[in-house]
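Here is how the chains run, residue by residue.
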Amino acid sequence: MSRVYNFSAGPAVLPEEVLRQASEEMMDYRGCGMSVMEMSHRSSVFQGILDEAEADLRDLLQIPDNYKVMFLNGSAHHQFAAVCMNLMKNRKADYIITGQWSKRAFQEGKKYGEAVALASSEDRTFSYIPDCSDLPVDDDADFVYICENNTIYGTKFRKLPDTKGKLLVADVSSCFLSEPMEVEKYGVIYGGVQKNIGPAGMTINIVREDLITDDVLDCTPTVMKWKTQADAGSLYNTPNCWDIYICGLVFKWLKKNGGLAGMKAINEKKAALLYDYLDSSRLFRGTVAKEDRSLMNVPFVTGDKEKDAVFIAKAEKAGFVNLKGHRSVGGMRASIYNAMPVEGVEKLVDFMKAYEAENI
Ligand SMILES: *Cc1c(COP(=O)(O)O)cnc(C)c1O
């Protein structure tokens, strides 16, 4: 067996320990004689997996009791719509547009009501986070929407926007569980799990209880109504059982490794290794405003497309894979999620230094 250093933005690297345990439990989950993929979602064994996953997640994020946790089939794109269907009672919402994902959510929002672009960083290719300290938030806006970490562009809200008392809705797909969060500052936190938690196919939604009601847009499919899912404990339809199980193993792994404060320290260390090198390199440079840099996704360029391409090809041969930047940005992007070991980043930086020495 030979594992590579996988810098994919998502689906992304998972902890080896988790993969090993899943493979050990594949044929016979703890004496059941079957895998988790084969068991009834209504069985007591699966209920145990689900309950433990939720309890561990609550523990990790310190989720207050007045927030519900839902494990929902689908992806962030499903929630772009679900957020509006469940919350847009005045049919008006404000969006802060800091990249492709918030833009997609904004465009989806327009289908359900008046979606307003409250601020945007598109003027400089989403390379920064706009000043959100005094935004013209609409009096009748149902929520203010952000994408907290911009996976493609590599920026992160280091400070949450002042929503002037309106609900904050955040897509945290690519920074989920990378550091502690103050859950009570949000109305809704949701994320696709395939970036920093588990396999693709599910979102985790953390929603304040008073926002989970029957008062939703008429067009809302029953299965996408949060109240349906919250009342049924995420078991209205058949959930993504396998995904919930793997996410549960990842939660245990996080708890064993210092929880989210521990992760934050390691993630800061990894990011500093890479950013410090980029800041001192004569060949490579980062592409975003320093104060808005993401801990998870690090885009960089040489400024020469050919050198970028050669670097990516050579890196791949050396076992550093999925370093190609998103097609809308070009260059390179190293996604250094929780499961990327410090050693992977150290070795990548060594490799970049060697490439620099040959090419300067
Ligand atoms: C990847 C990503 C998405 C889209 O996820 P899908 O699973 O393809 O819907 C949305 N938001 C963020 C922040 C992402 O990183």
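Residues numbered from 1 in each chain as written. Predicted model: local features only at pLDDT ≥ 70, side-chain atom pairs only at ≥ 80, totals over all residues. Heavy atoms only, no water.

**Q** Sorry, what's going on with the nonpolar core here?
**A** Generally speaking, nonpolar side chains in soluble globular proteins are found buried as a group. Among the nonpolar cores identified, the biggest contains 88 residues, and L61, I204, I206, F251, F284 and F311 are the most heavily contacted of them. Among the elements that make up this core, the one with the highest residue count is helix α6 (residues 241–256) (10 residues). Counting residues in hydrophobic clusters, the runner-up holds 35 residues, among them A82, F143, Y145 and A230. (Core = buried A, V, L, I, M, F, W, Y, C linked by side-chain atoms within 4.5 Å. Buried < 20%, exposed > 50% of the residue type's maximum accessible area, 1.4 Å probe, protein only. Helix = DSSP H or I, 4+ residues; strand = E, 2+ residues; numbered from the N terminus.)

**Q** I'm lost on the packing of aromatic side chains in this one. Help?
**A** With the rule as written, the count across this model stands at 16 aromatic pairs. Pairing Y95 with F143 gives two aromatic rings, centres 5.9 Å apart and planes at 75°, and the pair type is edge-to-face. Taken together, the positions of Y95 in strand β3 (residues 92–97) and F143 in the loop between β4 (114–120) and β5 (144–147) put the pair 48 residues apart, joining distant regions of the chain. The exposure class assigned to Y95 is buried, which follows from its relative accessible area of 0%. Using a relative accessible area of 0% as the deciding quantity, one classes F143 as buried. Between Y95 and Y145 the ring centres are 5.0 Å apart and the planes differ by 35°, which places this aromatic pair in the tilted class. Taken together, the positions of Y95 in strand β3 and Y145 in strand β5 put the pair 50 residues apart, joining distant regions of the chain. (Phe/Tyr/Trp six-rings, centres within 6.5 Å; stacked < 30°, edge-to-face > 60°.)

**Q** Sorry, what's going on with the domain arrangement of the protein chain here?
**A** You'll often see interface size given as the accessible area lost when the parts meet. Its domain assignment divides the protein chain into domain 1 (17–256) and domain 2 (259–359). For domain 1 versus domain 2, the separation of C-alpha centres amounts to 27 Å. Buried area between domain 1 and domain 2, summed over both chains or domains, comes out near 2,100 Å², and the portion from carbon and sulfur atoms is 55%. Viewed at the interface, domain 2 and domain 1 are joined by zero salt bridges. In this assembly, domain 1 and domain 2 are joined by 13 residue pairs in polar contact (both at pLDDT 80 or more). With three residues, α6 is the largest single contributor of residues to the side of domain 1 that touches domain 2. Here the residues of the side of domain 1 that touches domain 2 sort into 12 nonpolar, 10 polar and five charged. (Domains from an automatic or database assignment. Buried area = accessible area lost by both parts, 1.4 Å probe. Salt bridge = Lys/Arg side-chain N within 4 Å of Asp/Glu carboxyl O. Polar contact = N/O pair within 3.5 Å; in protein donor to acceptor, adjacent residues only side chain to side chain. Nonpolar A, V, L, I, M, F, W, Y, C, P; charged D, E, K, R; others polar.)

**Q** Sorry if this is basic, but what is going on with the site of the ligand here?
**A** Taken together, 13 residues surround the ligand, and among them S75, H77, T151, D171 and K195 come closest. Taking Q194, its side chain carries an N or O atom lying 2.8 Å from an oxygen atom of the ligand. In isolation the ligand has 390 Å² of accessible area, and contact with the protein removes 88% of it. Among the residues forming the shell around the ligand, the class breakdown is four nonpolar, seven polar and two charged. (Near = heavy atom within 4 Å. Areas by Shrake-Rupley, 256 points an atom, 1.4 Å probe, with all protein chains shown as cover.)

**Q** For this particular structure, what's the right way to read the sheet that holds strand β2 (residues 67–73)?
**A** Pairing between the strands of a sheet is mediated by backbone hydrogen bonds and can be parallel or antiparallel. The seven strands are arranged β2-β10-β9-β8-β5-β3-β4 in an open sheet whose pairing can be described as mixed. With one partner strand each, in any of the chains shown, β2 and β4 form the two edges of the open sheet. Strand-to-strand twist of the sheet, defined as the mean angle between neighbouring strand axes without regard to direction, takes the value 20°. Judged from the four bridges that link them, β5 and strand β8 (residues 168–171) form a sheet pairing that is parallel. By the bridge assignment, V144 is partnered in β8 with L168. (Pairing = 2+ DSSP bridges. Axes fitted to C-alpha atoms, helices over the stretch in contact; angles between N-to-C directions.)

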